[in-house]
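As a plain string of letters, each chain reads:
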Amino acid sequence: MNENKIKVGIIGTRGIPNNYGGFERFVELLVEQHNQKSNLHFTIFGEKNQQVEYNNSNYDYVILKSRKSQGMIYYIESIFKSLIKCDVIFCCGVSISFLSFMPRIFGKKLIINPDGCEWERERWSKFQRFLIRTMYFPALLFANKIIVDSESLKSDFGKFFTKKYVYIPYQHPSISFANDKDVKRLFNSKNIKLNDDYILVIARLEPENNLKVICDAFIESKSKKQLIIVGKTDTVFYLRKLERYNNPTYNIFFTDGIYNQDILNSLRKNALLYIHGHSVGGTNPSLIEALASCLGNIACHNNKYNMEVAKDFASYFSEKKQLIKIIHNTDQSFLKDINNWYDPRFNPQKIYQDYMSEFKKISLK
């Protein structure tokens, strides 16, 4: 590797390949765009992934001994290893928090993508929300740049850091589709008979994604369609609040996590209705992927983040009654042309170049 290359370390994710969503999917897409001709070299600090061992000359992969679930130990290990190996540290999220002064001591640059407003997530108690919010300030204070993936987030994080904000959204990935037989084979292995008429949700099974509202609305709509919900079923919220809905009597089926992007794209494309219930955060990657691949209708929770991304390409709901009405109106006659949606904000090459530009600019300061 050319020693003159700017070494950028990515911390704060579980690593790639993506088996979780969110930042993992974002990092996966970012390094897919990268090539050796750039004067940047990436190092990804992540947990060991048993599915695939990466061997890619475009970037290094450092397997951490600690796991993200170990909290501070994980961030201490990742920050110290990145300080030794890298010139610029790009942190996904703000959990680096009280360690965020370290790059300045070592003469390194720090870029933070704070994600969304974690303190607004319902799964946290009031005290936990207070602690989480206090974690944001040192991370944003010591960061050289703050990348926000939604213009709406600037008002959430406050005017104090205005000069540091750079808006770069998530990218619209290239879309490919799995064979229908492969999709049905996967569902058969999960003991689910996938019908032609179904409503789809792809989300982490957490309260802020409005899964309970979606399930209740579907049941009360008395729809004859299926409701397919894709997301890992190991969350406390699922076990306490959602598991009872996982019942053929309701025609609701939870698939657990699916991370094959071609299969997810095919599921989106063939769904009569895709419901995006996310209510916290900025530009959610799954919404962009839905806009790019869905042939049927899209319904989003009514909030500033979703409206900024989907604009007029979705219907919106704030409460159960509104979603019931949308479900009633879902019919094959409403299908839209997949080629109708294009938004230059999410152009992959532009977003990649924007990130490269920020990495290069900050390394020269």
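Residues numbered from 1 in each chain as written. Predicted model: local features only at pLDDT ≥ 70, side-chain atom pairs only at ≥ 80, totals over all residues. Heavy atoms only, no water.

K.L.:
Honestly, unusual backbone geometry in this entry has me stumped. Any pointers?
P.N.:
Phi is positive for Asn210, which is not a glycine, with a value near 60 degrees. Position of Asn210 relative to the elements: it lies in the loop between β8 (198–202) and α7 (211–221). On the accessibility criterion, Asn210 (14% relative accessible area) is buried. Positive phi is not limited to glycine here, since Asp256 has a value of about 70 degrees. (Helix = DSSP H or I, 4+ residues; strand = E, 2+ residues; numbered from the N terminus. Buried < 20%, exposed > 50% of the residue type's maximum accessible area, 1.4 Å probe, protein only.)

K.L.:
Looking at this model, I keep getting lost on the packing of aromatic side chains. Mind explaining?
P.N.:
Working definition: an aromatic ring pair is given by the centre-to-centre distance plus the angle between the planes. This model, assessed by the stated rule, comprises 17 aromatic pairs. On the basis of an interplanar angle of 75 degrees and a centroid distance of 5.9 Å, the ring pair of Phe42 and Phe359 is categorised as edge-to-face. A residue pair is termed long-range when its members are at least 10 positions apart, and Phe42 in strand β2 (residues 40–46) and Phe359 in helix α13 (residues 348–364) qualify at 317 residues. Residue Phe42 shares its accessibility class with Phe359, and that shared class is buried. When the ring of Phe137 is compared with that of Phe160, the centres are 6.0 Å apart and the planes differ by 40 degrees; the resulting orientation is tilted. Separated by 23 residues along the polypeptide, Phe137 in helix α4 (residues 126–142) and Phe160 in the loop between α5 (153–157) and β7 (165–167) bring together distant segments of the chain. Exposure remark for Phe137: the relative accessible area of 44% places this residue in the partly exposed category. (Phe/Tyr/Trp six-rings, centres within 6.5 Å; stacked < 30°, edge-to-face > 60°.)

K.L.:
It is not clear to me how the sheet that holds strand β10 (residues 252–256) should be interpreted in this structure. Could you clarify?
P.N.:
Strands in a sheet are paired, the pairing made by backbone hydrogen bonds, and the direction either parallel or antiparallel. Sheet architecture is open: six strands sit in the order β10-β9-β8-β11-β12-β13, paired in parallel fashion. Lying at the two open borders of the sheet, with one neighbouring strand each, are β10 and β13 (315–317). Each adjacent strand pair in this sheet contributes to an overall mean axis angle of 25 degrees, direction not counted. Across four bridges, strand β9 (residues 226–230) lies against β10 in parallel orientation. Bridged to Leu227 within β10 is Ile252. (Pairing = 2+ DSSP bridges. Axes fitted to C-alpha atoms, helices over the stretch in contact; angles between N-to-C directions.)

K.L.:
Is there a simple way to think about the sheet that holds strand β4 (residues 88–92) in this case?
P.N.:
With parallel pairing, seven strands are arranged side by side in an open sheet as β3-β2-β1-β4-β5-β6-β7. Edge strands, defined here as strands with exactly one partner in the open sheet, are β3 (59–63) and β7. Mean inter-strand twist for the sheet, computed between neighbouring axes without regard to direction, equals 25 degrees. Relative to strand β5 (residues 109–113), β4 is paired through five bridges, and the arrangement is parallel. Bridge pairing in β5 links Ile89 to Leu110. Running at roughly 150 degrees to β2, helix α1 (residues 23–33) makes contact with β1 (6–11), β2, β3, β4 and β5 of the sheet. (Contact = heavy atoms within 4.5 Å.)

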